[in-house]
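Below are the chains, spelled out letter by letter.
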Amino acid sequence: MKVGILGGGQLGRMLLQASANYVVETYVLENDENCPAAPFCHYFIKGDIRDYATVYNFGKNLNAITIEIENVNVDALEKLEKEGVIIYPTPSALRIIKNKIAQKEFYKKNEIPTSNFIVTQNAHQLIENIHFLPAVHKIGEGGYDGKGVQLLLDKTSIDKGFDAPAVLEKMVSIKKEIAIIIAMNSQKQMAIYPPAEMIFDPELNVLNYQISPAILSETILQAAETIAKKVVQELASPGLFAIELFVDENNTVLVNETAPRVHNSGHHTIEANYCSQYDMLWRIILQYPLGNPKAIIPSSIVNLLGADDKSGIAIYEGLHDVLQMDNVFVHLYGKTITKPGRKMGHVTIVSHNYEELTLKANKIKHTLKVIA
Ligand code: ADP
């Protein structure tokens, strides 16, 4: 079977690593031939995943295509799907998720709990709706990794809003941020992973580390799982999805957003779950039985980001010390150049003891640095 991946980042790299367990010929489409996924595929094709003709020509002789980033040409995927290529997630699901306005309207239409919102087409409409603040302004298309999101606390911050079609969401009083990875095959069978909890640095407001399974009450867990299942059921698309959720101060669970692909919040499933998110997606694409998503052991993840003041050839300071720690798994993405905040790798820690997971995560954060 010939399977193509649109995008060649670290998620593609890890997906390709998992493909080594199956008989599959892999193809990657990506503009940068030095991308993390390039050394792990059978065929690398240089090209723009947003361009219609490039995506169509890449896909027309393949059996199946998946994505590792949403920013792809959906029209080309739609045509390929009509011609019989398996596209997971389906182009129609991708179209809903790719645009934050369409995504929020999808939740509303299907009565999936999410924060209240209005749509603003431009800066003028944003100002007209100033009474809606405090709110979060999210650009409809083209914003990734926090670049398309602005917190608008009051009218003094209104200038930070987008002069383009966007969603203005009520600010949620967040108690916890959790994520659930959920997979569905072509027979509509589902596999749901235990939730992961994101622990943020309260001062810097960046993700400090992640812990899984999240410790939640049975009621919250059930509400979260019900939302995750409903999202995938209504999207009606085979594939693997990450559902990002908020638990607010009243313990209400709301969906924040969905990613229709393998996700950062599922890195730990390589070591800590019976079937990793990457293996799960291959099983779905190759029409094999679903795997077991349960946790073998609790885990935490620390993301390795390029140090703030360093750009250039990456140096991994403290790597020897971290590799000496027990039950710690280092994943470097093979990026030659580091930049402030660039995702350069992650470290997974496993332990039956949650306190040890937290202590080791903090120790690793302070020990392992990507400098230049
Ligand atoms: P991105 O797609 O760039 O990751 P998100 O929609 O996940 O953007 O938002 C990034 C972060 O902003 C979230 O993790 C959360 O901390 C905060 N955030 C997003 N929406 C809201 C909201 N409605 N209320 C409060 N905080 C929010």
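So, here is what we can say about the structure in this document. (Residues numbered from 1 in each chain as written. Predicted model: local features only at pLDDT ≥ 70, side-chain atom pairs only at ≥ 80, totals over all residues. Heavy atoms only, no water.)

1. Focus on the overall build of the chain
Next, step 1: Across its full length, the chain holds 11 helices and 22 strands.
Next, step 2: Expressed as lengths along the three principal axes of its C-alpha atoms, the size of the chain is roughly 55 × 50 × 45 Å.
Next, step 3: Within the chain, buried positions represent 54% of all 372 residues.
Next, step 4: Counted over contacts in the chain with a minimum sequence separation of 6, partners at least 24 positions apart contribute 61%.
Next, step 5: Carbon and sulfur atoms make up 50% of the accessible area of the chain, which amounts to about 16,800 Å² in all.
Next, step 6: Side-chain charges in the chain split into 35 positive and 41 negative, and the spacing between the mean points of these groups amounts to 3 Å. (Helix = DSSP H or I, 4+ residues; strand = E, 2+ residues; numbered from the N terminus. Buried < 20%, exposed > 50% of the residue type's maximum accessible area, 1.4 Å probe, protein only. Contact = heavy atoms within 4.5 Å. Areas by Shrake-Rupley, 256 points an atom, 1.4 Å probe, with all protein chains shown as cover. Lys, Arg positive; Asp, Glu negative; His and termini not counted. Charge placed at Lys NZ, Arg CZ, Asp CG, Glu CD.)

2. Some words on the environment of I301
Next, step 1: Checked against the element boundaries, I301 lands in strand β16 (residues 299-305).
Next, step 2: Distance in space between the C-alpha atoms of I301 and Y316 is 17 Å, their sequence separation being 15 residues.
Next, step 3: When sequence neighbours within four positions are dropped, the list of residues in contact with I301 reads Y209, Q210, N264, S265, H267, H268, H346, V347 and T348.

3. Some details on the sheet that holds strand β4 (residues 64-67)
Next, step 1: As summarised here, the arrangement of the 5 strands in space is β3-β2-β1-β4-β5, forming an open sheet in which the pairing is parallel. Looking at which strands have only one partner, the edges of the open sheet turn out to be β3 (43-46) and β5 (86-87).
Next, step 2: Two elements, strand β2 (residues 25-30) and β3, share 4 bridges in a ladder whose sense is parallel. Each bridged residue has a counterpart across the sheet, and for Y27 the counterpart in β3 is Y43.
Next, step 3: Of the strands in this sheet, β1 (2-6), β2, β3 and β4 are in contact with helix α2 (residues 52-59), which crosses β2 at around 175°. (Pairing = 2+ DSSP bridges. Axes fitted to C-alpha atoms, helices over the stretch in contact; angles between N-to-C directions.)

4. Here's the deal with the nonpolar core
Next, step 1: Judged by nonpolar contacts, the single largest core of 33 residues is most densely connected at M280 and W282.
Next, step 2: Sorting the residues of this core by element identifies β1, α1 (10-19), β10 (174-184), β14 (239-248) and α9 (277-285) as the ones contributing at least two each.
Next, step 3: Top contributing element to this core by residue count: α9, with 6 residues.
Next, step 4: Dropping the residues within four chain positions of it, M280 is found in contact with A183, A191, Y193, L240, C275, L290, G291, N292 and P293.
Next, step 5: If you look at the next biggest cluster of nonpolar residues, it comprises 24 residues, including Y107, L216, V253 and V255. (Core = buried A, V, L, I, M, F, W, Y, C linked by side-chain atoms within 4.5 Å.)

5. What to know about unusual backbone geometry
Next, step 1: The step from Y88 to P89 runs through a cis peptide bond, and the omega angle for that step is 0°.
Next, step 2: As for its placement among the helices and strands, P89 is situated in the loop between β5 and α4 (91-98).
Next, step 3: In this structure, the amide linkage connecting L133 to the following residue, P134, adopts the cis form with an omega of 0°.
Next, step 4: Position of P134 relative to the elements: it lies in the loop between α6 (123-128) and β7 (135-139).

6. Considering the state of the cysteines
Next, step 1: A complete count under the given rule lists 0 disulfides for this structure.
Next, step 2: Unpaired in this structure, C35 has its nearest cysteine sulfur neighbour in C41, at a distance of 7.2 Å.
Next, step 3: Under the relative-accessibility criterion, C35 is labelled buried at 5%. (Disulfide = S-S within 2.5 Å.)

7. Remarks on the packing of helix α3 (residues 74-82) against α4
Next, step 1: Interhelical geometry of α3 versus α4 gives an angle of 165° and a closest axis separation of 9 Å. When the axis of α3 is compared with that of α4, the two are roughly antiparallel. For the pair α3 and α4, the sense of crossing is left-handed. Counted together, V74, D75, L77, E78 and E81 of α3 and P91, L94, R95 and K98 of α4 form the full contact between these two elements.
Next, step 2: Residues that form the contact of α3 with α4 fall into these classes: 4 nonpolar, no polar and 5 charged. (Parallel < 35°, antiparallel > 145°, perpendicular 65-115°, else oblique. Left-handed = near helix turned anticlockwise from the far one by under 90°. Nonpolar A, V, L, I, M, F, W, Y, C, P; charged D, E, K, R; others polar.)

8. Focus: the sheet that holds strand β6 (residues 117-120)
Next, step 1: Taking strand neighbours across the sheet as the criterion, the 4 strands line up as β6-β9-β7-β8 in an open arrangement whose pairing is antiparallel. Every interior strand has two partners, whereas the edge strands, β6 and β8 (149-152), have only one. Direction aside, neighbouring strands of the sheet carry axes that sit 25° apart on average.
Next, step 2: Where β7 meets β8, 4 bridges bridge the pair, whose relative direction is antiparallel.

9. Comments concerning the side chain of H263
Next, step 1: In this fold, H263 is placed in the loop between β15 (253-259) and α8 (269-272).
Next, step 2: For H263, a relative accessible area of 10% gives the class buried.
Next, step 3: A polar contact is formed between the side chain of H263 and the side chain of E244, at a distance of 3.2 Å.
Next, step 4: Leave out the neighbours within four places in its chain, and H263 touches L11, I181, A242, E244, Q277 and Y278. (Polar contact = N/O pair within 3.5 Å; in protein donor to acceptor, adjacent residues only side chain to side chain.)

10. Things to note about the packing of aromatic side chains
Next, step 1: The full count for this structure, using the stated rule, is 3 aromatic pairs.
Next, step 2: Considering the side-chain rings of Y22 and Y288, the 5.8 Å spacing of their centres and the 25° angle between planes classify their relative orientation as stacked. Pair noted here: Y22 is in the loop between α1 and β2 and Y288 is in the loop between α9 and β16, with a separation of 266 residues, a long-range link.
Next, step 3: With centroids separated by 4.8 Å and ring planes inclined at 20°, the aromatic side chains of Y27 and Y43 adopt a geometry described as stacked. Of this pair, Y27 sits in strand β2 while Y43 sits in strand β3, and the two are 16 residues apart along the sequence.
Next, step 4: Exposure remark for Y27: the relative accessible area of 12% places this residue in the buried category. (Phe/Tyr/Trp six-rings, centres within 6.5 Å; stacked < 30°, edge-to-face > 60°.)

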